[in-house]
Amino acid sequence: MIDFKQKTGRVSLPDFGNFGVMLRILLGANFLAFGMALARSAGSGAEAGPVSQYVDLSIKVQPLLILNILALALANGPISRLPLRAAQAAIVLFAAFSSALLRIPFSFMEIDSGPYPLISSALLAGGVAGTLLYYFELRALAFSPAVSEARLQALTARIRPHFLFNSLNAVLSLIRTEPERAEQALEELAELFRVMMRDHRELLPLADEIALCGQYLDLEKLRLGERLVVVWEIPEILPDIKVPQLMMQPLLENAIYYGIEPLSDGGIVRIRLIPKDNEICIELSNPHTGANSPCKTHMIAQEGNHMAIANIRERLALHYDLEARLETEVRPDNAGDEYRVRIVLPCRSPTQ
Amino acid sequence: MNPTPPLSVMIVDDEAPARARLRALLSGIADEMPNTVAAEAANGKLAMDALEANPVDVLLVDIRMPKMGGIELARHLLQCEKPPAVIFVTAYDTHAVEAFELNAIDYLVKPVRAQRLLAALQKIPRPTEADGAFSESAAQVLSALQGEARAYLSCHERGRMLLIPVNEILYLKADLKYVTARTTQREYLLDESLTRLEQEFSERFIRLHRSVLVAREAVAGFEKNTTDETDTQWYALLRGVPEKLPVSRRQWPLVKSYAKNLTS
């Protein structure tokens, strides 16, 4: 429980290096500026409309915003190591100070500024920064495990009971005839459950997730035998990044449940990892069985699969905001349609 | 002493280790319950094929299998004259297990324990005790449980049971007492109602006429009867067979809108 509180505290400061966060700051500040413009135009009678007021404000606001966003992105690492409240105070102070500083050239040119232009602009910028930080904190809280612990648990720690009992059954069948293989299978099963029961909010090296997938597929091979063919197309040296736990394994589980098990002759599950410039593309494919099933099975299968996809998409959004994406497609192929799931991740690990 | 012949058992499961496990358990309880594993099958369809050559007393049937699952297999078996006993073996399916409990359908959960298997085999009713009422209710429970359309329809012909893959059926036509299923090769007589079939296979078949359901993918096109100017009659043309099926005036708007989607 104590562990819990510390985590929430850590989650609260947004990752300023993240494009999505930058976009939110930009939009949020402009939204507040527009609100201010509306208030001003209402207060000053018909002197100037809200749009021209906003344009007026923009000239001062935009450079300030860009300066602050850049500064935050550069200082992201050190800031995230500060205690939460201290970091927030530092950001508010920086916004206020930089606003006053930028105001100096304007105050020379301007005639209609208030009695204390420097102080009022510093207060305004500080207020906007405070409001945005408060928004980010609320947002982090809304997504934080402390609030939606049950939901996150439901999202991640799901292994199909179907898989567990079938695997145990397969192991039991091996104990007398192939005790060594049974031993190995139980070890793999234990390893899988260790990960399932771990704290899911932490990130794991990609290599660990790949190894886990390998163990999982090994167990499935035990049950399915020759029906399951796994093709790995991954580079010898894996990119050194951290990823959300159990990001790929549930997708493989789906690939087998919906793609391989309904086929009496089985099929191929392909795992492809393609590093690009500053992104990593992970692609999983399996036979699309919806096409050859006669009726409703197809629809039910799709639903179950969509749920898992939505779960992982939500978790990716939680960790990477807009920088990661998950796409699915059905590719028509001569040998039968192929179902593909593609995850694109940024090369840098998200800060935690 | 009247020595009873050993119980002949068929194991139906798509996973080889699961079959091996049941075989081991059966040989383990052979002292208490003499038995022989007469056959093994990897799915429901293969089990039906194997039964033809090799009738057995009891089938141990997994529920989730490719091609034909356990529930559908049991439904077809109930159509047999002397249906063998079926014991479902399932890894995890609370929904099915509840239904089995309520309706006294026997089942085992994986991993199966020897004692449970023995108890289930001992409970099997003697063939003479099989009464119609039970199989009637069982048929209903199973059809409700399957929740999805069958992959095959069964048909009796000269004492044999034939399985017709639903995706080979071009159309279903009701004549007086029977429903005929037409494939590219031949016709089969079914003992089912067209209305039920329409409900079950609504995704695959479309109604052309009060007494005709056609497979959507079998429709090649439509043709207007030009002999009579005042009363236009549309016909559906089919792939693979020369017959033309009349489309009723009432169904035409629906069929036409479907045909439009087909071409666009």
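All figures in this text were calculated on a predicted structure; none of them were measured in a lab.

Peer 1: Is there a simple way to think about the packing of helix α9 (residues 179-196) of chain A against helix α10 (residues 206-224) of chain A in this case?
Peer 2: Angle between the axes and distance between the axes are the two parameters that describe a pair of packed helices. Residue and element names in this part refer to chain A. Here α9 crosses α10 at 135 degrees, and the two axes come no closer than 9 Å. By the criterion of interaxial angle, the relationship of α9 to α10 is oblique. Seen from above, α9 lies across α10 with left-handed handedness. On α10, the residues touching Ala 185, Glu 188, Leu 189, Glu 191, Leu 192 and Val 195 of α9 are Leu 212, Gln 215, Tyr 216, Asp 218, Leu 219 and Leu 222.

Peer 1: Looking at this structure, I do not really get the nonpolar core. What am I missing?
Peer 2: Nonpolar side chains in soluble globular proteins tend to end up buried together. Core analysis: the biggest nonpolar cluster contains 114 residues, and Leu 252 of chain A together with Val 61 and Val 214 of chain B have the highest contact counts within it. Considering every element that reaches this core, the biggest residue donor is α10 of chain A, with eight residues. In this structure, Phe 16, Leu 65, Ala 129 and Leu 132 of chain A belong to the second largest nonpolar core, which totals 22 residues.

Peer 1: It is not clear to me how the domain arrangement of chain B should be interpreted in this structure. Could you clarify?
Peer 2: Buried accessible area, meaning the area lost when the parts come together, often serves as the stated size of an interface. Residue and element names in this part refer to chain B. On domain assignment, one finds that chain B holds domain 1 (7-146) and domain 2 (152-263). At the interface, six residues of domain 1 touch four residues of domain 2. Residues of the side of domain 1 that touches domain 2, tallied by class, amount to three nonpolar, two polar and one charged.

Peer 1: How should the environment of Ala 50 of chain B be read in this particular structure?
Peer 2: All names here are of chain B. Tracing the sequence through the fold places Ala 50 in helix α2 (residues 44-53). A count of 18 C-beta atoms within 10 Å places Ala 50 in the partly exposed class. Between the C-alpha atoms of Ala 50 and Leu 213, which are 163 residues apart in sequence, the distance is 32 Å. With near-sequence residues (within four places) excluded, Ala 50 lies in contact with Met 10, Ala 39 and Ala 41.

Peer 1: Can you walk me through the interface of chain B and chain A in this structure?
Peer 2: Of the residues lining the interface, 23 residues belong to chain B; the matching set on chain A comes to 24 residues. In terms of residue class, the side of chain B that touches chain A is built from 14 nonpolar, two polar and seven charged.

Peer 1: What exactly am I supposed to notice about the sheet that holds strand β14 (residues 234-238) of chain B here?
Peer 2: Remark on secondary structure: sheet strands pair via backbone hydrogen bonds, oriented parallel or antiparallel. Residue and element names in this part refer to chain B. Across the sheet, which stays open at both edges, the three strands sit in the order β13-β14-β15 with antiparallel pairing between neighbours. Strands at the two margins of the open sheet, each flanked by one partner only, are β13 (219-224) and β15 (244-247). The sheet shows a mean angle of 30 degrees between the axes of neighbouring strands, direction not considered. As defined by bridge partners, β14 adjoins β15 across four bridges and the pair is classed as antiparallel. The residue bridging Leu 237 from the neighbouring strand is Lys 244, located in β15.

Parameters at a glance
- Residues numbered from 1 in each chain as written.
- Chains lettered and ligands numbered in written order.
- Predicted model: local features only at pLDDT ≥ 70, side-chain atom pairs only at ≥ 80, totals over all residues.
- Axes fitted to C-alpha atoms, helices over the stretch in contact; angles between N-to-C directions.
- Helix = DSSP H or I, 4+ residues; strand = E, 2+ residues; numbered from the N terminus.
- Parallel < 35°, antiparallel > 145°, perpendicular 65-115°, else oblique.
- Left-handed = near helix turned anticlockwise from the far one by under 90°.
- Contact = placed C-beta atoms within 7 Å.
- Core = buried A, V, L, I, M, F, W, Y, C linked by C-beta atoms within 7 Å.
- Buried ≥ 20, exposed ≤ 12 C-beta atoms within 10 Å, placed from the backbone.
- Domains from an automatic or database assignment.
- Nonpolar A, V, L, I, M, F, W, Y, C, P; charged D, E, K, R; others polar.
- Pairing = 2+ DSSP bridges.

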